[in-house]
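# Fold and contact review
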Amino acid sequence: MTLPHSRVLDEIVDAAVEVTAASAGWVLMIQGNELVVVAAAGGKSPGSRVGQRIPVSGTAGLVAMSGHPAAIESPPSDTSNVGAGGLDGNPAGVLAAPCGDEDVLGVLEVARPEGSAPFTFDDIEEVTLLARIAGAALDELDDSGAAVPSAPHLSAELTELAERNPARYAAIARMIDAVLGQG
Amino acid sequence: MAEPRRPAWTKDVNALQLPGVDRIEDLTPEWAWESADGSGVRVAIIDSGIDADHPDLGISVDRDAAVAFHVGADGKVVETAGPHQDSFGHGTACAGIIHSLAPGARLTSVKVLGEGLQGKAAAFLAGLKWAIDNGFPIINLSLGTRRRDWALPFHEACDRAYFGGSFVVTAANNVQRRSYPSLYASVTSVACTTDSDPFRFQWNPNPPTEFLGHGIDVEVPWLDGQRIRTTGNSYAAPHISGIAALVLSKHPDLRPYQLKTVLWATAANVREAGDIEAAGKLTRRMQGVTRQGHTGR
């Protein structure tokens, strides 16, 4: 099966990494009983991590299963997130949120290194909302595998993001609504 | 002499009063759970399994009562009785929180996560129904489903739990998104408070989330005998389950709506009346009513 690709997913991962001050992030798509990296940012050679297949385990697996976001700050002895998102080694903390509305289609996950500040509840909310846009993209794969959310779907998700952070998203949501109104 | 006719569904009952409670203000934490440790209360934890050997859990886990549900290749739900492992650590974390608050409560693992990504809602519903059928007075659900096609079956199950005397505690979604069954009045839906005291919870005047418990930066038992720190509504719900277990341990005859009322009355912001405007208003109104002696209505 062709892996989905899109700049939207890349931008979402970049935004999630930036807003949480994480060192790396990725979008995992559910394929059968596996998770596949379909977009990545940060860490060593993020491009090479795309396509890696990961078992349904660790924090990403929990989120894919439960549909609830989770932030885990684990001691070095906890190996449940070793290799998360195709990273080498064991992140000090990970935050993951489900992508998708009715069904969980994937997981948006970010990681932080030892010595950085733990993820906060605000971080969980931000990543959860960004994961919704990733879900909209994964929900509307075209025949070539391009993951691009429809304009109404994107507008709805951005409007919700704008309720939380108007400075960041309100103008974008209004612009898309204006475009839709002219159509 | 013929019995007088009664309207449908009615029958004579004796007047009942909670012992030691003449006024709503008498529902204090001391009345509710002082000297209780959860003994005599069974709690079902519907989750990813429980590591019964984790040192943080003592001997609280009834490992032989454990049961797991998954969806088989034929699409049917398969029930497997007996001990099992925790697939992710999440169920062990919830068990650890409840045990830390109510060390005398007996915990039973109902595993519905960890056996494949397909059919999760069906396994989840089967686990909930099993706990209801087996009469667990407290059922902790730190998970949910967003699928609308499962809304009605979960609604029916939760109503059955409510009328049958099972107090179902659910984690609300971490953002304001629907998650079944946390939206229903028959359950007690919980989100996080910023307070770090595990016994200090708040009533939320804006349902469907009705209570706020400790769920930020919580130290919990995890896989392989370890502990981690974690954040989320998943960990707020078992704080309310643990306190509910204490209350039921001391007052075992409380119905779910009475238990919810006790939690409301003992919530920090209601007791301190003023942190949240609506809570203060309601508390003042209740005080006015009770002063006039209308406690029975």
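All values reported here derive from a predicted model rather than from experimental measurement. (Residues numbered from 1 in each chain as written. Chains lettered and ligands numbered in written order. Predicted model: local features only at pLDDT ≥ 70, side-chain atom pairs only at ≥ 80, totals over all residues. Heavy atoms only, no water.)

### A look at the overall build of chain B
The cut-off we apply is this: To qualify as a helix, a DSSP run of H or I must reach at least 4 residues; to qualify as a strand, a run of E must reach at least 2; elements of each kind are numbered from the N terminus. Remark: exposure states derive from per-residue accessible area (1.4 Å probe, protein chains only) relative to the maximum for the residue type, with buried under 20%, exposed over 50%, and partly exposed in between. The criterion used for residue contact is that any of the two residues' heavy atoms lie within 4.5 Å. Throughout, the Shrake-Rupley method with a 1.4 Å probe supplies accessible areas, and for residues the shown protein chains are the sole cover considered.
Along the backbone of chain B there are eight helices and eleven strands. The 297 residues of chain B split such that 55% are buried. Here the contacts in chain B between residues at least 6 apart in sequence split such that 69% fall between residues at least 24 apart. When the accessible surface of chain B is summed, it comes to about 13,500 Å², and 50% of that surface belongs to carbon and sulfur atoms.

### Notes on the interface of chain B and chain A
Applicable threshold: Note: buried area is the sum, over both parts, of the accessible area (probe 1.4 Å) each one loses when the two are combined. We define a salt bridge as a side-chain nitrogen of Lys or Arg found within 4 Å of a carboxyl oxygen belonging to Asp or Glu. Counting of polar contacts relies on pairs of N or O atoms within 3.5 Å, with two restrictions inside protein: one atom must be capable of donating a hydrogen and the other of accepting it, and residues adjacent in sequence are counted only when both atoms are side-chain atoms. Polar here means any residue other than Ala, Val, Leu, Ile, Met, Phe, Trp, Tyr, Cys and Pro, which are nonpolar, and Asp, Glu, Lys and Arg, which are charged; Gly is therefore polar.
The partner chain A presents 38 residues to the 38 residues of chain B that form the contact. In total, about 3,000 Å² of surface goes out of reach between chain B and chain A, with carbon and sulfur atoms giving 53% of it. Its largest share of buried area at the contact with chain A, chain B owes to Leu117(B), Arg146(B) and Arg177(B), together 24% of the area lost on that side. Joining chain B to chain A, the criterion identifies one salt bridge. Here Arg147(B) ties to Asp103(A) by a salt bridge, and the two come within 3.4 Å at their closest N and O atoms. Where chain B packs against chain A, one counts six residue pairs in polar contact (both at pLDDT 80 or more). When contributions to the side of chain B that touches chain A are tallied by element, the ones reaching two or more residues are β11 (227-231) and α5 (233-250) of chain B. It is β11(B) that provides the largest number of residues to the side of chain B that touches chain A, a total of five residues. A per-class count over the side of chain B that touches chain A returns 13 nonpolar, 15 polar and ten charged.

### A word on the sheet that holds strand β10 (residues 218-221) of chain B
Note the following rule: We treat two strands as partners when DSSP finds at least two bridges between them. Every axis in this analysis is a line fitted to C-alpha atoms, fitted for helices over the stretch in contact. Angles between the N-to-C directions lie between 0 and 180 degrees.
Reading across the sheet, the eight strands line up as β3(A)-β2(A)-β1(A)-β6(A)-β5(A)-β4(A)-β11(B)-β10(B) and stay open at both edges, with antiparallel pairing between neighbours. Pairing within the sheet leaves two strands with one partner each, and these edge strands are β3 (53-55) of chain A together with β10 of chain B. If you compare each strand with its neighbour and ignore which way they point, the axes differ by 30° on average. Along the sheet, helix α3 (residues 58-66) of chain A makes contact with β1 (24-31), β2 (34-42), β4 (70-73), β5 (93-99) and β6 (106-112) of chain A, crossing β5(A) at roughly 25°.

### Regarding the nonpolar core
Burial of nonpolar side chains together is a common tendency in soluble globular proteins. Keep this limit in mind: Nonpolar core, defined: a set of buried Ala, Val, Leu, Ile, Met, Phe, Trp, Tyr and Cys residues in which side-chain atoms within 4.5 Å join the residues together. Domain start and stop points were drawn from an automatic or database domain assignment.
Counting residues in each nonpolar core, the largest one holds 143 residues, and the members touching the most others are Trp26(A), Leu108(A), Val43(B), Ile46(B), Leu128(B), Ile139(B) and Trp222(B). Of the residues that make up this core, three or more belong to each of domain 1 (7-142) and domain 2 (150-183) of chain A. Aside from chain neighbours lying at most four places away, what touches Trp26(A) is Val13(A), Val37(A), Ala39(A), Ala40(A), Arg49(A), Ala84(A), Gly85(A), Leu87(A), Val107(A), Leu108(A), Glu109(A) and Ala111(A).

### Here we look at a negative patch on the surface
Residues and elements named next belong to chain A. As a reminder of what qualifies: What goes into a patch is any residue over 30% in relative accessible area without a salt bridge, connected to like charges within 9 Å or, for nonpolar side chains (Val, Leu, Ile, Met, Phe, Trp, Tyr), within 5 Å. The sign given to each residue is positive for Lys and Arg and negative for Asp and Glu; His and the chain ends receive no count. Taken as the charge centre is NZ of Lys, CZ of Arg, CG of Asp or CD of Glu, depending on the residue.
Judged by side-chain charge, Asp10, Glu11, Asp14 and Glu18 come together as a negatively charged surface patch. Take Asp14: it is sitting in helix α1 (residues 7-20). Its relative accessible area of 39% is what places Asp14 among the partly exposed residues.

### Considerations on the domain arrangement of chain A
All names here are of chain A. Under the domain assignment, chain A is made up of domain 1 (7-142) and domain 2 (150-183). The C-alpha-based centres of domain 1 and domain 2 are spaced at 24 Å. With eleven residues of domain 1 at the interface, the matching set in domain 2 holds eleven residues. Buried surface at the junction of domain 1 and domain 2, both sides included, amounts to about 1,100 Å², of which 53% is carbon and sulfur. Along the contact surface separating domain 1 from domain 2 lie zero residue pairs in polar contact (both at pLDDT 80 or more). At nine residues, helix α4 (residues 121-139) tops the list of elements feeding residues into the side of domain 1 that touches domain 2. Considered class by class, the residues forming the side of domain 1 that touches domain 2 number five nonpolar, no polar and six charged.

### Details of the side chain of Arg112(A)
Residues and elements named next belong to chain A. Counting through the fold element by element, Arg112 comes out in strand β6. Looking at Arg112, the relative accessible area reads 8%, which means it is buried. In this structure the side chain of Arg112 is engaged in a polar contact, spanning 2.5 Å, whose partner is the side chain of Glu73. Setting aside chain neighbours within four positions, we find Arg112 in contact with Ser23, Glu73, Pro91, Ala92, Gly93, Ala117, Pro118 and Phe119.

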